[in-house]
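Chain by chain, the residues run as shown.
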Amino acid sequence: SFIGEESVAAGEGSILTDNPTWIIDPIDGTTNFVHRFPFVAVSIGFVVNKKMEFGIVYSCVEDKMYTARKGKGAFCNGQKLQVSGQEDITKSLLVTELGSNRDPETIKIILSNMERLLSIPIHG
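Residues numbered from 1 in each chain as written. Predicted model: local features only at pLDDT ≥ 70, side-chain atom pairs only at ≥ 80, totals over all residues. Heavy atoms only, no water.

As recorded in an unreviewed UniProt entry, the protein goes by inositol-phosphate phosphatase and comes from Neopipo cinnamomea. If you open the UniProt record of the protein and go to Cofactor (unreviewed entry), you find "Mg(2+)". Check the Pathway (unreviewed entry) section of the UniProt entry for the protein; it says "Polyol metabolism; myo-inositol biosynthesis; myo-inositol from D-glucose 6-phosphate: step 2/2." (UniProt positions renumbered as here; feature names shortened; annotations may be inferred.)

Quick look at the structure:
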């Protein structure tokens with residue numbers, strides 16, 4: 001099967017089944033792309049039995065290829081990636097994404113979540 005982000009955004013329905021399925025977003029960061037903000041990527045995932053098997057993200061502007069496979073780790077241009085191991089959230093950097101859904105109830109939930117996060121003495 002095949003699920004394309006752009007076709008779903010255009011209103012086409014899609015149902016994730018147990019079939020092997022490619023999920024592709026050819027312009028991941030469409031809003032960034034439209035506004036010429038350079039954080040845009042091509043994202044491809046492969047799912048079997050509704051579970052992610054591997055994913056590839058190519059950051060076009062940075063010329064970086066991120067890859068990950070279930071149980072095998074994640075890599076950037078072939079170099080293994082590793083999380084920092086930081087367990088103290090007050091020493092962490094918070095990065096948020098508001099999303100594109102402007103439904104009033106969704107906005108209320110997002111802002112409530114952000115308020116809880118911002119009450120923690122974090123960086124960013």
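Structure's up, so let's keep going.
Peer 1: Teacher, can you tell me more about the overall build of the protein here?
Peer 2: From N to C terminus, the protein includes three helices and seven strands. Helices (α) and strands (β) of the protein occur, in sequence order from the N terminus, as β-α-β-α-β-β-β-β-β-α. With the principal axes as the frame, the protein shows a C-alpha extent of 45 × 40 × 35 Å. The buried share among the 124 residues of the protein stands at 12%. Only carbon and sulfur atoms are counted for the fraction: they give 59% of the accessible area of the protein, which is about 9,500 Å². The distance from the centre of the 12 positive side-chain charges to the centre of the 15 negative ones in the protein is 7 Å. (Helix = DSSP H or I, 4+ residues; strand = E, 2+ residues; numbered from the N terminus. Buried < 20%, exposed > 50% of the residue type's maximum accessible area, 1.4 Å probe, protein only. Areas by Shrake-Rupley, 256 points an atom, 1.4 Å probe, with all protein chains shown as cover. Lys, Arg positive; Asp, Glu negative; His and termini not counted. Charge placed at Lys NZ, Arg CZ, Asp CG, Glu CD.)

Peer 1: Explanation requested: the UniProt feature "binding site: Mg(2+)" (unreviewed entry) in the protein in the structure shown.
Peer 2: In this structure's numbering, the residues bearing the UniProt feature "binding site: Mg(2+)" (unreviewed entry) are Glu 5, Asp 25, Ile 27 and Asp 28. Taken together, the annotated residues stretch across 24 residues yet fold into one region, lying no more than 8.7 Å apart by C-alpha. Secondary-structure assignment places Glu 5 in helix H1 (residues 5-9). Apart from residues lying up to four places away in sequence, Glu 5 is in contact with Ile 24 and Asp 25. Along the chain, Asp 28 falls in strand S2 (residues 21-28). Residue classification places Asp 28 among the partly exposed residues on the basis of a relative accessible area of 34%. For Asp 28, the residues in contact, after removing those within four places along its chain, are Phe 39, Val 40, Ala 41 and Ser 43. (Contact = heavy atoms within 4.5 Å.)

Peer 1: Would you mind showing me how to read the sheet that holds strand S1 (residues 2-4) here?
Peer 2: Within a sheet, adjacent strands bond to each other through the backbone by hydrogen bonds, running parallel or antiparallel. Read from one edge of the open sheet, seven strands run S1-S2-S3-S4-S5-S6-S7, paired in mixed fashion. The open sheet has two edge strands with one neighbour each: S1 and strand S7 (79-80). In this structure, strand S5 (residues 64-69) lies alongside strand S6 (residues 73-76), joined through four bridges in antiparallel fashion. Each bridged residue has a counterpart across the sheet, and for Ala 68 the counterpart in S6 is Ala 74. (Pairing = 2+ DSSP bridges.)

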